[in-house]
Amino acid sequence: MITCMNNTQIADVINRVADLLEIKGTNPFRLRAYRNVVRTLRDLPESAEAILADPQRDLTDIKGIGKDLAEKIATIAATGTLPLLEELLQEIPESVLSILRIPGLGPKKAAVLYNDLKITTLDQLQAACEAHQVAELKGFGEKTEQTILAGIPLAARAEQRIYWAKADEIAQVLLEHLRNCKSLQQIEVAGSYRRGRETIGDLDLLVVSDDHDEVMDRLADFDAVEQTIGRGDTKMSIRLAGGLQVDLRVVPAESFGAALQYFTGSKDHNVILRGMAKSRGLKINEWGVFRVAEGKDGANGGDNEYIAGRTEEEVYAAIDLPYFPPEIREARQEFEWAELGMLPELIELGDIRGDLHMHTTASDGRASTLEMIAAARQRGLTYIAITDHSKRVSMANGLDGERLLEQWAEIDEINAGLKNFTVLKGVEVDILEKGGLDIADDVLARADWIVASVHYGQRQSSEQITGRIVEAIRNPHVSAIAHPTGRIINRRERYEVDLEAVMRAAVEHGKLLELNANPARLDLDDVHCAAAKRHAIPVVINTDAHSIAGLDVMRHGIQQARRAGLTKADVANTRSWKQMRKLIGR
Ligand code: DGT
Ligand code: CA
Ligand code: CA
Ligand code: ZN
């Protein structure tokens, strides 16, 4: 059987095994080996499956992958799972893993909850917290109980919604699978996926085909299908392993645009659209745009005249509207823009010229400066900033002033040998808990570009943490604040930072704010990016890459920026470094 598992999917299986082993209480060395392989796989720039398929090569050639785990990877690639995982799931119910989604609750505590209180679901955990049973447990206490209780809603949400990037991986494989149908004429994924939301509840597939059964049989035949929820003439719903639901609808070609528009949503966008149609004596639904027959009070009679529906452009044009890129269909400003004829020309991936936040082997990155340069050039960039961590982030082997100056001297040398490409001397300087920056000003003064960010003291009061960030903005050497709210989607709430105050300071001191493109961060988010634009603060979209593959997340940042309505001009790193330098006044 060929399952087409990509590296992330293989890593997820191993990670689940590691979680279950840890809950069971396995030996720490074995566990570490598993966790390391998860990281290695996620960062691997080529497909593990391709290596497996190549008789000249062996997975054990990769650092950190031993014989045992290489065999396990091969098994997962071939079967989609592991006998060990299935065995563990016989012992420990899968729902226990949902408890691990609570911020600050690791497998060790989950093991205690499971073994001592027999807790296997979030609901049971909530009840136990409310009955103060959790505080009584060894190693827990009142405060932990409160933290757990506060984290349950986030964990419950995480259960319902997956990262867009994850949904995209699944969607691409699924589309590939369905495209094999002979009868298939058109296929699109609609819904929140198409609007590029940061998380996805389910996938909504639309298809034009004159053989409904062929398409539905083919969907049922997809490897990852766990359950068919329902199947009718034109509609089918399935659930995939891992829980994602997929809704498929087969529609006639003359309704494809209307259905695509309808099922792309958002619901609120469509409500406004329906109102506009009505005021023009039209009716719009998933079948098309219709002129309402007279004398029928707009009732859904068969006499309504079909006037559009084949394409989305046609649908919008029938209501005198321009085509709205899916990312802005959120009933925010798009109808206002359309009325003024000022729909923004949204930024595209190809507009980006530099990437100004990334790590190398000097701190916690996995590639050298030279490797990052080569990879960035391959991706069409003309400049990058190397921004390794500063010393406070000791876990990541952060650099002190001395090491930084050495690194920058190397960068000067590298630059001297480069044509049509610039490497900037940078740092991701830590904003210290007590305020102030982690690197002395006289060192910072010698950098080309500095991002400042909070890694410690994330739970401080709004006043404290806002004060620290504003102080960093005031430092004349700082260029931008990285991941300004600190949220990790589905895993960690944002800091209590007052972004209004941060933005006012950024305006006053001419500083930029980052949109961190990592699909787990997307920080600033769309709403905040739109606020930055209102303040005329340029946003800088960075990958924060810790490996070569990490450079590829730029597209997720672009998608979030598009949702905010940002244009090329609103994003700082669409400029050349020369223009950028002027912008930041260096
Ligand atoms: P999700 O799946 O929670 O990430 O978000 P969506 O936006 O994909 O929502 P979903 O899957 O429930 O429905 C897809 C689209 O279909 C939605 O954006 C608008 C449309 N739609 C679904 N149900 C309704 C409804 O009851 N009324 C209207 N007007 N539109 C609906
Ligand atoms: Ca959906
Ligand atoms: Ca749906
Ligand atoms: Zn970073």
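Rules of the game
- Per chain, residues are indexed from 1 in the order of the written sequence.
- Note on labels: chains are lettered from A, ligands numbered from 1, in written order.
- A pLDDT threshold of at least 70 governs which residues receive local features in this predicted model, and a stricter bar of 80 or more applies before side-chain atom pairs are shown or counted, although totals over entire chains, interfaces and linings include all residues.
- As a convention, hydrogens and water are excluded, and side-chain values are obtained from all of the structure's heavy atoms.
- The set of buried Ala, Val, Leu, Ile, Met, Phe, Trp, Tyr and Cys residues whose side-chain atoms join them within 4.5 Å is what this entry labels a nonpolar core.
- Think of it in three bands: with a 1.4 Å probe and only protein chains considered, a residue is buried below 20% of the maximum accessible area for its type, exposed above 50%, and partly exposed in between.
- Only heavy atoms matter for contacts: two residues are in contact if any of them lie within 4.5 Å across the pair.
- A pair of strands is labelled paired if DSSP reports no fewer than 2 bridges between them.
- Secondary structure elements are defined from DSSP: runs of H or I of at least 4 residues count as helices, runs of E of at least 2 residues count as strands, and each element is numbered from the N terminus.
- Here a polar contact is taken to be a pair of N or O atoms separated by no more than 3.5 Å, where protein atoms must pair a possible hydrogen donor with a possible acceptor and residues adjacent in sequence count only if both atoms sit in side chains.
- Coordination here is defined by N, O and S atoms within 2.8 Å of the metal (3.2 Å for Na, K and Ca), and since water is not considered, a site can look incomplete.

Looking now at the nonpolar core. The biggest cluster of nonpolar side chains holds 69 residues, and the ones touching the most others in it are Ile384, Val423, Ile469 and Ile541. Look past the residues within four positions of Val423 in its chain and what remains in contact with it is Thr369, Ile373, Ile384, Ile386, Ile411, Ile414, Asn415, Leu418 and Asp448.

Let us now look at the sheet that holds strand β16 (residues 512-516). Reading across the sheet, the seven strands line up as β11-β12-β13-β14-β15-β16-β17 and stay open at both edges, with parallel pairing between neighbours. The two strands at the open ends of the sheet, each matched to only one other strand, are β11 (354-355) and β17 (539-542). Note: strand β15 (residues 480-481) against β16, two bridges, orientation parallel. Each bridged residue has a counterpart across the sheet, and for Ala480 the counterpart in β16 is Leu512.

Time to look at the side chain of Asp438. Position of Asp438 among the secondary structure elements: in the loop between β13 (422-430) and α20 (441-444). With relative accessibility at 7%, the residue Asp438 sits in the buried group. One polar contact links Asp438 to Ser390, side chain to side chain, over a distance of 2.7 Å. In this structure, Asp438 is in contact with Ser390, Lys391, Arg392, Val429, Asp430 and Leu432, ignoring residues within four places of it in sequence.

Here we take up the coordination of the calcium ion (ligand 3). When four donors bind a metal tetrahedrally, each ideal donor-metal-donor angle is 109.5 degrees, and when six bind octahedrally, the ideal angles are 90 or 180 degrees. Each protein donor to the calcium ion (ligand 3) is listed here as Asp202 (OD), Asp202 (OD), Asp204 (OD) and Asp247 (OD); together their distances run 2.2 to 2.8 Å. Read in sequence order, the donor residues coordinating the calcium ion (ligand 3) give the pattern D-x1-D-x42-D. In this structure the calcium ion (ligand 2) is found 3.8 Å away from the calcium ion (ligand 3), and Asp202 serves as a bridging donor for the pair. Of this pair, Asp204 sits in strand β4 (residues 202-209) while Asp247 sits in strand β7 (residues 245-250); the two residues are 43 residues apart in sequence, bridging distant segments of the chain. For the pair Asp204 and Asp247, one class covers both residues: buried.

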